[in-house]
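# Structural description and commentary
So the chains spell out like this:
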Amino acid sequence: MANHGQPSEPTPMPHCLAVPFPTQGHINPILEFSKRLIPKGIRVTLLLTPFISKSISARDRTRISALEIGLETIADGHDEEGCPTGVGAQRFDAYVRTFREIGSKALARLVQRMADSGESVHCIIYDSIIPWCLDVAKEFGILTADFFTQSCAVDAIYYGVREGKVPVGETTGYNFGVIPGLPALERRDLPTLLHDCGPDPDPFGLILGQFSNAEQADWVLCNSVLEVEQEELSWLSNFLPFTTVGPTIPLPYLNNQHDNDDTDLHGLSIFKPFNESTCANWLETKPKHSVVYVSFGSIAGLAADQMEELFWGLRNSNHYFLWVVRQSEESKLPKESELSAAAAAERGLIVRWCSQLEVLASEAVGCFVTHCGWNSTLEGLSLGVPMVAVPQWSDQPTNAKYVKDVWRVGVRVVEGGGGESGAVVGREEIERCLREVMEGESGEEIRRNSEKWKNVIREAAGEGGSSGSNVGDFAASLISKSR
Ligand code: UDP
């Protein structure tokens, strides 16, 4: 309708609630994705549980507000202790149930309150493992974006199993050959929840439950990159409109232009103390590609004998190492005399938490010893850092298989991980893997492949690239559907 010269009302910016599952590896990707939406004319309010909200630093709070992202809390019934991480299946199951019950009511109240105060919500972007967010959104007639934080390969495996698209032989097990692109997977390469649920199978229910209502979502987004898992993505897209928007890493890191700008630091750090400047200062003094960075992410806990083998593997390799040992794990470190010997030799630095992207982006780092959580795997791949995969559980063994045999950007330890719980990876094996990645012809080939993938991903994330365009298309479509 013509407005006959009247100044037109500016169209309000669409307002999204971003609801991550409350653990580090789930908060980071949804927060980083939200950051991409702001310059495209979308308003975002991030929902954190009271425990996480309490855990983040004043500095993180300031950064979030500088980015003009709103912050609200969503009750989960666990104000004091948050989500029980680790493999305690029953506690985790109980948490997931309480979060669903309490969280869905809290979410509905928040949406109502926002509508009443003129801050109406147009879309809920939620982690795929909390699919009840979609039910709340539907009650209010709000749009939904279902956000998957694992790889397309792993999503395809879970989807194929849940929907009976993967045949199961009585003796042969699942035949994943039906999913194009997947390498031949042995038992040790499968997500552990497929064969190692423990006494309570509910983590498995949680993982498969991701697909319970996904077909009703307006968008299905995935923190991956088309070029990295093209065939797996294309198979999944036959059933659900999977769209890759990863990696959820700030562009300056991908373009080698990060400069410690406060607003562009990555993720939120729930763990303290955060030894950012210590790491940067230490790394600055080390030659190019000379340091082994070691981290097992925010959840995995190693047995004390595994910590000891790892420590000696690092020491014996004679390379510098920067090792993240969370405070809750510190008591398992080998006794102090051995550690101070390493410190005296200035070979090793052990910190409680760091800015992983800052570390991976440092020229000094030559290798990443990782548990292969999907964020860490994608961060290593995107920043061109060769990897030694030491998978522990969940999707990590499958990510490790891709590191070694699909992208060929690293090696995987031969023992341990992949549900073979209790199997300790010995110091000789760790040393062997470090040498294979850091030294000689094998190391050079791995580095060439790593550089290749880094460039592929940088292109994909940029404005005209596959993920860059998908983010733009999502924002444009959200704006148009919100009118
Ligand atoms: N991370 C970090 N500092 C550390 C260790 C990890 O910032 O010292 C970040 C890392 O960059 C990644 C996340 O924590 O984004 C861990 O997620 P991932 O999926 O790799 O593993 P999870 O913690 O879920 O097992």
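Structure's up top.
Quick summary incoming for the structure in this document. Per chain, the residues get numbers from 1 upward, laid out in the order the sequence is written. Reporting of local features is limited, given that this is a predicted model, to residues whose pLDDT is at least 70; pairs of side-chain atoms are given and counted only at 80 or more, and all residues count toward the totals for whole chains, interfaces and linings.

## A short note on the overall build of the chain
Secondary structure follows DSSP: runs of H or I at least 4 residues long count as helices, runs of E at least 2 residues long count as strands, and numbering of each begins at the N terminus. In terms of helices and strands, the chain carries 18 helices and 15 strands. Rg of the C-alpha trace for the chain: 22 Å, near the compact-globule value of 23 Å for 483 residues, within the 12% margin. Here the C-alpha coordinates of the chain stretch approximately 75 × 55 × 45 Å along the principal axes. Out of the 483 residues belonging to the chain, those deemed buried represent 47%. Contact definition: two residues whose C-beta atoms, as placed from backbone geometry, lie within 7 Å. Summarising the internal contacts of the chain: among those between residues at least 6 apart in sequence, 71% fall at separations of at least 24. In this description the radius of gyration comes from C-alpha coordinates, and the expected globular size is given by 2.2 Å times residues to the power 0.38. Burial in this document is a count-based property: other C-beta atoms within 10 Å of a residue's C-beta are tallied, and the residue is buried at 20 or more, exposed at 12 or fewer, or partly exposed in between, with C-beta positions derived from the backbone.

## A short note on the sheet that holds strand S3 (residues 70–73)
In this description, strands pair whenever DSSP reports at least two bridges between them. The parallel open sheet is built from seven strands, whose spatial order is S3-S2-S1-S4-S5-S8-S9. A single partner strand is all that each edge strand has here, and the edge strands are S3 and strand S9 (242–244). Across the sheet, the mean angle separating the axes of adjacent strands is 25° when strand polarity is ignored. In this structure, strand S5 (residues 143–148) lies alongside strand S8 (residues 219–222), joined through four bridges in parallel fashion. What sits directly across from Phe147, in S8, is Leu221. Simply put, an axis is a line fit to the C-alpha atoms, just over the touching stretch for a helix, and the angle between two N-to-C directions goes from 0 to 180 degrees.

## A closer look at the packing of helix H16 (residues 427–438) against helix H17 (residues 440–461)
The axes of two packed helices give the description: the angle between them and the distance between them. It is at 5 Å that the axes of H16 and H17 come closest, and there the two elements cross at 65°. Of the residues in H17, those in contact with Glu436, Val437 and Met438 of H16 are Ser442, Gly443 and Ile446. Taken together, the residues of the contact of H16 with H17 sort by class into three nonpolar, two polar and one charged. Residues are grouped as follows: nonpolar covers Ala, Val, Leu, Ile, Met, Phe, Trp, Tyr, Cys and Pro; charged covers Asp, Glu, Lys and Arg; every other residue, Gly included, is treated as polar.

## Thoughts on the sheet that holds strand S13 (residues 365–370)
One open sheet accounts for six strands, arranged S12-S11-S10-S13-S14-S15; its pairing is parallel. Unpaired on one side and paired on the other, strand S12 (348–351) and strand S15 (410–412) mark the two borders of the sheet. In this sheet, adjacent strand axes meet at a mean angle of 15° when their direction is disregarded. Both strand S14 (residues 387–389) and S15 contribute to a ladder of three bridges, which runs parallel.

## A word on the nonpolar core
One nonpolar core equals one set of buried Ala, Val, Leu, Ile, Met, Phe, Trp, Tyr and Cys residues connected by C-beta atoms within 7 Å. Ranked by internal contacts, the top residues of the largest apolar core, which has 133 residues, are Ile124, Val292 and Val388. Broken down by element, the residue count for this core peaks at eight residues, all from helix H6 (residues 152–162). Every residue in contact with Val388, bar those within four places of it in the chain, is listed here: Cys367, Val369, Gly410, Val411, Val413, Cys433, Leu434 and Val437.

## A few points about the pairing of strand S11 (residues 320–324)
Counting buried residues in S11 gives five out of five residues, a clear majority hidden from the surface. Here S11 shows two buried faces, one formed by Tyr320, Leu322 and Val324 and the other by Phe321 and Trp323. As paired strands, strand S10 (residues 291–295) and S11 are joined by four bridges and run parallel to one another. Its bridge partner lying in S11, Val291 is registered against Tyr320. When the strands point away from the viewer and the connection leading from the first strand across the helix to the second strand turns clockwise, the crossover is called right-handed. For the segment spanning S10, helix H11 (residues 304–317) and S11, crossover handedness is right-handed. Looking at chain direction, S11 and S12 are connected through four bridges and run parallel. Following the sheet pairing, Val324 is matched in S12 by Val351.

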